Amino acid sequence: MSDFNKYCQEAAEEELPDSEDEEDIGDEDTCSPQELAAEFQLQYKPQDETSVSLQREYVLSLAADQGFTRIAAGLSSSAMHIYNLDAGAGKLANFSFLPPTDSPKPVSICGIRFLDEGPHNIVVGTTDGYVRLYDLRLKGEQARFSYRHKYMEWPVPKSMCCFDRNANGRVICCGTEQFESNAFLLFHDVRERRQMGCYCESHEDTVTSVRFHAQNPDLLATGSVDGLINIFDVKEAEEEEALMSTFNTESSVARLEWHKNVYDKDIVSCITTTGDFKSYESEEGDEVASFQRPDVTAAIRRKNAANFNLIGAHNQEDGGVFLLAGTNFNKGEILRSVSVTNKNELQPLANFQGNKQIVRDSLFDSKKGLLITGGESGIVTVWSQETSGTAGSSDKLKVKKEKKSRKQAPY
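Lay out the packing of aromatic side chains in plain terms, naming residues and giving numbers.
Scanning the model with the defined rule gives six aromatic pairs in all. Between F352 and W383 the ring centres are 5.5 Å apart and the planes differ by 85 degrees, which places this aromatic pair in the edge-to-face class. A residue pair is termed long-range when its members are at least 10 positions apart, and F352 in strand β25 (residues 345-352) and W383 in strand β28 (residues 379-385) qualify at 31 residues. Judged on exposure class, the residue F352 and its partner W383 are both buried. Among the aromatic side chains, those forming a connected cluster through ring pairs are Y44, F352 and W383. Positioned over the ring face of F95 is R70, at 3.9 Å from the centre of the ring.

Structure follows, in structure tokens:
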């Protein structure tokens, strides 16, 4: 069993300890409260929050529809809560609940995505190897996608670690555990409800993240425990022809995202399992930015990197990128963000005061300035920016983009 699925299985069992049970490692800010307020000029407070369960359940995955009117939260039990979001008021209203999957073994969520531009169709991946399609206006599953051996030449594990759907909602890609020295990318046609094929030679260890480009339905980034990020053109049926670029992070990939630079070129970013951040120009292979765990710890003005959690990389409305980071200290009390200003610099951006949990996933609506977080205490929180004392700070903290660097080999 991979480390990822072992984590999910443990998270699904209520009596096992989690990060919030661990004794705090000593930690503190590296500057005074006055200096902190001056550096993190954007201040966020919880606008609304809700607990998903009275039981001990993590929020492992969050998703929002394109209009940011509906929020889905996937739990370690494989249950899912769906909320209507009043963005103007920053308030959540309970809309729907999908119960845990009926399985004799512990199963947890490994991803949630809204299928298309609307707020009704949602796809849910679980670690037992299934992706389920729901129409929230109807009862029950509308379709279920899973591995079927009769269509494949090779045996494939029936467990799944991650999945995504492409920009037009036509294709689903699932990443599996390592199995007999290979890890698999399985493709399904959503409309025809059929398995399309797989790639099985580009990763040598468990696939931990798959992410389709937000606009290009044929562009796919995948990351693995083997440390590689692969970029595919999925129009190509043959894996060798589909593989466009490979980047070696020299670590283990945890999470991938797509961004744009000032030249409108595609950037793929990676958060590693050790809390490092790296990003690459997807076509030419240039390294755009690279920050190790202690670098980001220092940027959020904390002393002890052992407490540090790098949660997500989000796109800003002006085209910049910020990193959301927290700590395990005092049950996740510290939650801050920093801008990636260029290849060698991180700039303090926002301080989120009143956090009650160790955050495991986040969403950001750049147009409305809302951040949604979920984590180990089973809380979904809507964060909004305080209006007092922040005038002009957004302009001041706009991200400066680095000019093109000399091309580097991916290895």
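Still more ground to cover, so stick around.
Explain the pairing of strand β11 (residues 171-176) to me, using residue names and the numbers behind them.
Burial within β11 is extensive, with six of its six residues counted as buried. Of the two faces of β11, both are covered, the one formed by V171, C173 and G175 as well as the one formed by I172, C174 and T176. Here five bridges tie strand β10 (residues 160-165) to β11, and the two strands are oriented antiparallel to one another. Looking at the pairing, R165 lines up with I172 of β11. The turn linking β10 back onto β11 is made up of five residues, and G169 within it adopts a positive phi angle of 70 degrees.

How would you explain the sheet that holds strand β12 (residues 185-189) if you had to name every residue and give the values?
Here four strands make up an open sheet; going across it, the order is β10-β11-β12-β13 and the pairing antiparallel. Single-partner strands in this sheet number two, and they are β10 and β13 (194-199). Taken over all neighbouring pairs, the strand axes of this sheet differ in orientation by 25 degrees on average, direction set aside.

Can you tell me about the side chain of N307, naming the residues and giving the values?
Here N307 is to be found in the loop between α4 (293-299) and β22 (308-315). When its relative accessible area of 2% is taken as the criterion, N307 is described as buried. Within the local environment of N307, its side chain forms a polar contact with the side chain of D27, the two groups lying 3.2 Å apart.

Summarise the confidence of the model for the protein chain; cite the residues concerned and give the values.
The predicted structure's coordinates, where accompanied by low pLDDT, should not be read in detail. In this model, the protein chain carries an average pLDDT of 87, and 86% of its residues clear a pLDDT of 70 or more. Taken together, the stretch residues 389-411 has pLDDT below 50 and engages in 56 contacts with residues farther than four places along the chain or on a different chain.

Now, about the sheet that holds strand β17 (residues 243-248): what can you tell me, with residues and values included?
Sheet architecture is open: four strands sit in the order β14-β15-β16-β17, paired in antiparallel fashion. Lying at the two open borders of the sheet, with one neighbouring strand each, are β14 (207-212) and β17. Here the average twist between neighbouring strands, direction ignored, is 15 degrees. Note: strand β16 (residues 228-233) against β17, five bridges, orientation antiparallel. The residue bridging I229 from the neighbouring strand is F247, located in β17.

Give a description of unusual backbone geometry that names residues and reports values.
Non-glycine residue R193 carries a positive phi angle of around 55 degrees. Looking at the secondary structure, you find R193 in the loop between β12 and β13. Despite not being glycine, D264 shows a phi value in the positive range, around 65 degrees. Looking at where D264 falls in the secondary structure, it is placed in the loop between β18 (253-260) and β19 (266-272). Taking the relative accessible area as the measure of exposure, D264 reaches 55% and is therefore exposed.

Cut-offs and rules
Residues numbered from 1 in each chain as written. Predicted model: local features only at pLDDT ≥ 70, side-chain atom pairs only at ≥ 80, totals over all residues. Heavy atoms only, no water. Phe/Tyr/Trp six-rings, centres within 6.5 Å; stacked < 30°, edge-to-face > 60°. Helix = DSSP H or I, 4+ residues; strand = E, 2+ residues; numbered from the N terminus. Buried < 20%, exposed > 50% of the residue type's maximum accessible area, 1.4 Å probe, protein only. Lys NZ or Arg CZ within 6 Å of the ring centre and 35° of its normal. Pairing = 2+ DSSP bridges. Axes fitted to C-alpha atoms, helices over the stretch in contact; angles between N-to-C directions. Polar contact = N/O pair within 3.5 Å; in protein donor to acceptor, adjacent residues only side chain to side chain. pLDDT = per-residue confidence, 0-100. Contact = heavy atoms within 4.5 Å.

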